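# Descriptive structure summary
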Amino acid sequence: MAYSIQKAGVVGAGTMGSGIAALLAGVGVQTILLDVPAPDTTPDDDFHTRNVPALGALGRLKKSRPPELYATSDLDNMTVGNTEDHLNWLGDADWIVEVVVEKLDVKRALFAKLQEVARPDAILSTNTSGLPIQDIAAGMGADFTRRFMGTHFFNPARYLRLLELIPHPDADPAAVEAMQQFLEVRLGKGVVIAKDEPNFIGNRMMSMTLSQTVNYAIDNGMTVDEIDNLTGPLIGRPKTATFRLSDLVGNDVALYINRNLHPAIKEQDPDSHVLTHERTTAVYEHLLAEGHLGNKSGQGFYKRVTAEDGSKAFWPLNLETFDYEPPQKVHFESVGAHRKVEDTGERIKRLLGEEDKAAQFLFHHFAFYLTYASKRVPEITETIVDLDNAQKWGFAHQMGPFEIWDALGVAECVARFEDAGYHAADWVIAMLASGAETFYQRAANGKVTGYYSPQQGAYVPLEDDAREIKIANLKADGKIVKSNDGANIIDMGDGIALLEMTTQHMTIDQDFVEMGFEAVEMLNNGDFVGLVMSHDNERFSIGANLFLVMMAVQSDELDQLIRLIKGLQDFTLAMRYANGPVITAPFNMALGGGAEVLMAGDATVAHMELYAGLVEFGVGLIPAGSGTKELMRRALNPVMQTKNADVLPHLQVIFEQTAFAKVSGSAKEAREMHFLRPDDRIIMNRPHLLAEAKRTASHMAAAYTPPKPELVYAAGRDAYAALLVAIDGLVRGHYASEHDALVAQKLAYVMTGGAITEPSWVTEQYILDLEREVFVELAKTPKTLERIGHMLQTNKPLRN
């Protein structure tokens, strides 16, 4: 049977259910969202009264921060109703997912009804985070179980990549494969196949390791601050670390999970005792009794405190007295010695080689974490790869436990862990005895080619995903063509080159621009037929190096600053008019110069999570790497092709967008803001981005003709005057400072073509020259220099 998902039903409009519905609607799936009807209502009541729960979910989605909708227009793909009156609406849905309260009897009763209305070929799934899949489906019959599975999203559904797919043992493999394909490609999820074991993979590992960490802290007199200092970015994990993570999850939820998990696993899991540590349980029970549930209640292991001077700080809980105390500076000699080691695995290895308090804690933490992970394969998942990925995708860890263990040295650790009372799984001992020294098999160039399978007692191939291109693998295969300190040119194969930015913090500097020109020249010379601009780091680009700008002004080296700006302008033009297609592939932050580079290609393939904006106004500058010109070209030119069209409303939109330093909340919003063209592609799964960009470059290269130089519409003096009136109103209303007004006036000057006498079509270079002139003029002002300095020091804008 073939399965295709074009219409979906979500039953349960709480935080998780509405988030899943928003995600589905955001990718164009027609979605029905149902919840219980409002209390004390009947089907005879009007729709809005009867459906308050589901309609309330729509209201929350509109206001959610961070936003769960990619664009407010996504709501057009969503229909809401209730489970008493509208269950039959699900009759033509391709997939129905249940997201109701975590009570077995409630879920079973709902699925009994859904089975009656669902199409025979509709996939049915539950979003349970821990209830057994087989218990939910018990007695439902073969027609139900062949298309039933768990689809455990992590909250918020839009942002967290991990999705645990838990097939019922009798599920049709074709249904499972179709769902995995849909989740990965259409929704952009990182799917791991979990077994129907308590709490599956992610929550099982989180509950056990979080409990062990808190237990150790309490038993050894370590503070909340100390533990979070050691279990965050230092070891390749988010800043939420341990206690902030508990506050984020909800301390009530953490305790609830432990209370339910322990009886479910105590018979087969000798380590389950960490869930019932008496003193840790007492701490959590105290927090619950006080209503200190974490972020959702305003305090938990941390409390936000405002000092008399208005400054804010997070005070940690004293685990002995239960008082909140001022944060103390945490210092460990081992951390000071090794925190700057760039490679995460090597950094952890060096830390575990020390003897101080921090090193002792980290040793016990990793000894438990790694050996526990080994004992859960193949119990909760078939492969070490899925367990590693669950940690990375669900909790933003840089490395999974088996990757960490490889970095530490498996054999050395097994012996040391054993001496300390931490026992690795028998299959790990057997692996070492067989001569296999690592969990992952690597070729001579370092590329991972396989992984160890406990079931087979040998390495099995780790097949490359054709949908992914990994830059690390290209480098391992010797594909770097040219390189400097700011960028690499890499041969992606099939005549397509990659321009990879490598500058610190992904800023645009002279080295990157120079290598960019090299890449375009190779394209023009026929060395390649297409070029992709992207990379594999966290952000696409946060723009120009502000430190270089400030130093050039303070050193009175304005010629150097002008050359830097002119270089970026010329590079963006070179990209646009190259002899072959240039494809930009942005993701995450594309700010300032990053947004300018993003707009310079022939086409863009963007990840949906794209936060693009020309934010130079925040530091007292205007976009000058072609950003102002490009917004004018994209927003004004199409409108003014029509005779007697009114340019002012469209000019005001891009002017305000730039003057308020607006940043898109998604690639959809980036399209509305003209950073993406109407026909630019948006990709949901981040690892698929480079392959899709390469595919686009190859397709365009087959019949490519460079674009002809285009004139830009400049609205002139009258439009400039209108913008000045608006700016004056902002100052009078105390919405803008005098320096804000100066920068805005300069921006208006450029956006109207230098306030020329009559509206005119001018060359791109004419606008670029205005951009550069105004940028340098503003950069020399004391207040702009203050803003730049403040941004460099605090990473926050200054209003002066």
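Everything below is about the structure shown above.
Report follows, based on the coordinates. (Residues numbered from 1 in each chain as written. Predicted model: local features only at pLDDT ≥ 70, side-chain atom pairs only at ≥ 80, totals over all residues. Heavy atoms only, no water.)

### Some details on the overall build of the protein chain
Our working definition: Going along the chain from the N terminus, every DSSP run of H or I of four or more residues is numbered as a helix, and every run of E of two or more is numbered as a strand. For a compact globule the rule gives 2.2 Å times the number of residues to the power 0.38, and the radius of gyration it is set against comes from C-alpha atoms. Under the scheme applied here, a residue whose accessible area is under 20% of the maximum for its type counts as buried, over 50% as exposed, and between as partly exposed, the area being computed with a 1.4 Å probe on protein chains only. Contact between two residues is taken to exist if any of their heavy atoms lie within 4.5 Å; hydrogens are not considered. Only the protein chains shown count as covering a residue, and every accessible area follows the Shrake-Rupley method with a 1.4 Å probe. Positive charges are assigned to Lys and Arg, negative charges to Asp and Glu, while His and the chain termini are left out of the count. For this purpose, a charge sits on NZ of Lys, CZ of Arg, CG of Asp or CD of Glu.
Helix and strand counts for the protein chain stand at 33 helices and 26 strands. Computed over the C-alpha atoms, the radius of gyration of the protein chain is 29 Å, within 12% of the 28 Å expected from 2.2 N^0.38 for a compact globule of 800 residues. Seen along its three principal axes, the alpha-carbon backbone of the protein chain occupies a region of about 85 × 70 × 65 Å. With 800 residues in all, the protein chain has 55% of them scored as buried. For the protein chain, contacts bridging at least 24 residues in sequence account for 69% of all contacts bridging at least 6. Total accessible area computed for the protein chain in this model is approximately 33,700 Å², and 52% of it derives from carbon and sulfur atoms. Within the protein chain, one finds 73 positive and 106 negative side-chain charges whose respective centroids are separated by 3 Å.

### Focus: the nonpolar core
Note on soluble globular proteins: their nonpolar side chains tend to be buried together. Cut-off, in case you're wondering: Think of a nonpolar core as a cluster: buried Ala, Val, Leu, Ile, Met, Phe, Trp, Tyr and Cys residues, connected wherever their side-chain atoms sit within 4.5 Å.
Among the nonpolar cores identified, the biggest contains 155 residues, and Trp 95, Phe 153, Leu 183, Leu 499, Phe 512, Leu 561 and Phe 675 are the most heavily contacted of them. Beyond its immediate chain neighbours, meaning those up to four positions away, Leu 499 contacts Ala 487, Asn 488, Ile 489, Phe 512, Met 515, Gly 516, Ala 519, Leu 531, Val 532, Met 533, Ser 534 and Phe 571. With 101 residues, the next largest nonpolar core counts Met 205, Met 208, Met 222 and Leu 230 among its residues.

### Thoughts on the packing of aromatic side chains
Put simply, the rule is: Working definition: rings of Phe, Tyr and Trp (its six-membered ring) pair if their centres are within 6.5 Å, and the pair is stacked with planes under 30 degrees apart, edge-to-face with planes over 60 apart, and tilted otherwise. Put simply, a charge is over a ring when the Lys NZ or the Arg CZ is close to the ring centre, within 6 Å, and near the line of the ring normal, within 35 degrees.
Across all of its chains, the model carries 23 aromatic pairs by this definition. Geometrically, the ring pair formed by Phe 517 and Phe 571 is edge-to-face, given 5.7 Å between the ring centres and 65 degrees between the ring planes. Of this pair, Phe 517 sits in helix α21 (residues 510-524) while Phe 571 is found in helix α23 (residues 558-576), placing the two residues 54 residues apart along the sequence. Judged by relative accessible area, which is 1%, Phe 571 ranks as buried. Summarising the aromatic geometry, the rings of Tyr 713 and Trp 761 are spaced 5.2 Å apart at their centres and angled 70 degrees between planes, so their arrangement reads as edge-to-face. Taken together, the positions of Tyr 713 in strand β25 (residues 712-714) and Trp 761 in strand β26 (residues 760-762) put the pair 48 residues apart, joining distant regions of the chain. A relative accessible area of 35% means that Trp 761 is categorised as partly exposed. Taken together, the ring pairs connect Phe 363, Phe 402, Trp 405, Phe 417, Trp 427, Phe 439, Tyr 452 and Tyr 459 into an aromatic cluster. Lying over the aromatic face of Tyr 372, Arg 376 brings its terminal NZ or CZ to 4.6 Å of the ring centre. Note that Arg 686 overlies the ring of Phe 587, its terminal NZ or CZ placed 3.7 Å from the centroid.

### Notes on α23
What counts, and what does not: Working rule for helices: expected span equals 1.5 Å times residues minus one.
The terminal C-alpha atoms of α23 lie 27 Å apart, and with 19 residues this matches the ideal 27 Å at 1.5 Å per residue to within 8%. By the burial criterion, the buried members of α23 are Leu 558, Leu 561, Leu 564, Ile 565, Gly 567, Leu 568, Gln 569, Phe 571, Thr 572, Leu 573, Met 575 and Arg 576.

### Looking at the side chain of Asp 602
Going by this rule: Two N or O atoms count as a polar contact when they lie within 3.5 Å, although within protein this holds only if one can serve as hydrogen donor and the other as acceptor, and sequence-adjacent residues are included solely when both atoms are side-chain atoms.
Considering the arrangement of structural elements, one finds Asp 602 in the loop between α24 (593-598) and β22 (603-607). There is a polar contact of 2.6 Å between the side chain of Asp 602 and the side chain of Tyr 704. Setting aside residues up to four positions removed in sequence, Asp 602 forms contacts with Met 575, Arg 576, Gly 580, Pro 581, Val 582, Arg 677, Met 700, Tyr 704 and Pro 707.

### A look at the pattern of salt bridges
Using the following cut-off: When a carboxyl oxygen of Asp or Glu is within 4 Å of a side-chain nitrogen of Lys or Arg, the pair counts as a salt bridge.
Applying the stated rule across the entire model yields 47 salt bridges. Of the charged contacts in the structure, one is a salt bridge between Arg 50 and Asp 85, with a shortest N-O distance of 2.8 Å. Here Arg 50, found in helix α2 (residues 47-50), pairs with Asp 85, found in the loop between β3 (78-82) and β4 (95-98); they are 35 residues apart in sequence, far enough to count as distant. With a relative accessible area of 3%, Arg 50 lands in the buried category. Notably, a salt bridge pairs Glu 98 with Lys 107, separated by 2.3 Å at the nearest N-O pair. Overlapping salt bridges bring together Arg 576, Lys 629, Glu 630, Arg 633, Arg 634, Glu 710 and Glu 764 as one network.

### Focus: the environment of Leu 24
Relative to the assigned elements, Leu 24 resides in helix α1 (residues 15-26). Residue classification places Leu 24 among the buried positions, given a relative accessible area of 0%.

### Some remarks on the packing of helix α8 (residues 202-219) against helix α11 (residues 251-265)
As a reminder, the rule being used: Helix axes are fitted only over the stretch in contact, all axes being lines through C-alpha atoms; the angle between N-to-C directions runs from 0 to 180 degrees. Here the word oblique covers every angle except those under 35 degrees (roughly parallel), over 145 (roughly antiparallel) and from 65 to 115 (roughly perpendicular). For this classification, the nonpolar set comprises Ala, Val, Leu, Ile, Met, Phe, Trp, Tyr, Cys and Pro, the charged set comprises Asp, Glu, Lys and Arg, and every other residue, Gly included, is treated as polar.
Remark: α8 packs on α11, axes separated minimally by 11 Å, with the N-to-C direction vectors making an angle of 105 degrees. Comparing the axis directions of α8 and α11 gives the class roughly perpendicular. Judged by residue contacts, Arg 204, Ser 207, Met 208 and Ser 211 of α8 engage Ile 257, Asn 258, Leu 261 and Ile 265 from α11. When grouped by side-chain class, the residues that make up the contact of α8 with α11 number four nonpolar, three polar and one charged.

### Here we look at the sheet that holds strand β16 (residues 496-501)
For the record, the criterion: Strand pairing is defined by DSSP finding a minimum of two bridges between the two strands.
With mixed pairing, seven strands are arranged side by side in an open sheet as β14-β15-β16-β18-β20-β22-β24. Each having just a single partner strand, β14 (480-483) and β24 (681-683) make up the two edges of the open sheet. Neighbour-to-neighbour, the strand axes of this sheet turn through a mean angle of 20 degrees, independent of strand direction. One ladder, built from three bridges, connects β14 with strand β15 (residues 487-493); its direction is antiparallel. In the sheet register, Ser 483 faces β15, and the bridge partner there is Asn 488. Of the strands in this sheet, β15, β16, β18 (530-533), β20 (582-584), β22 and β24 are in contact with helix α29 (residues 689-701), which crosses β22 at around 165 degrees.

### Structural notes on the pairing of strand β9 (residues 302-306)
Looking at chain direction, β9 and strand β10 (residues 312-316) are connected through five bridges and run antiparallel. Paired with Lys 303 across the bridge in β10 is Trp 315. Between the antiparallel neighbours β9 and β10 lie five residues, among them Gly 310 with a positive phi of about 90 degrees.

### A look at the pairing of strand β8 (residues 190-193)
Just so we agree on the cut-off: The handedness rule is simple: strands pointing away from the viewer, and a clockwise path from the first strand over the helix to the second, make the crossover right-handed.
Bridge analysis of strand β7 (residues 162-167) against β8 gives four bridges, and the strand direction is parallel. Residue pairing for β8: Leu 163 is matched across the bridge by Val 191. In this region the chain leaves β7, passes through helix α7 (residues 173-186) and returns to the parallel neighbour β8; the handedness of that crossover is right-handed.

### Quick notes on the sheet that holds strand β2 (residues 30-35)
If you trace the eight strands from one edge of the open sheet to the other, you get β3-β2-β1-β4-β5-β6-β7-β8, paired in mixed fashion. Both outer strands of the open sheet, β3 and β8, are each paired with one neighbouring strand and no more. Pairwise comparison of adjacent strand axes, ignoring direction, gives a mean angle of 25 degrees for this sheet. Bridge count for β4 against strand β5 (residues 123-126) is four bridges, and the pairing is parallel. Bridge assignment links Ile 96 to a residue of β5, and that residue is Leu 124. Relative to the sheet, helix α16 (residues 384-395) contacts β7 and β8, its axis offset from that of β8 by approximately 145 degrees.

### Points about helix α32 (residues 764-779)
In a regular helix each residue adds 1.5 Å, so 16 residues correspond to 22 Å; α32 covers 23 Å between its end C-alpha atoms and thus fits that length. All buried positions along α32 are accounted for by Glu 764, Ile 767, Leu 768, Leu 770, Glu 771, Arg 772, Val 774, Phe 775, Val 776, Leu 778 and Ala 779.

### Regarding the environment of Gly 190
Structurally, Gly 190 can be placed in strand β8. Placed 28 residues apart in sequence, Gly 190 and Leu 162 show a C-alpha to C-alpha distance of 4.9 Å. If we ignore the near neighbours within four places in the chain, the residues touching Gly 190 are Arg 161, Leu 162, Leu 163 and Trp 393.

Scope: geometric values only; no functional claims are made or implied.
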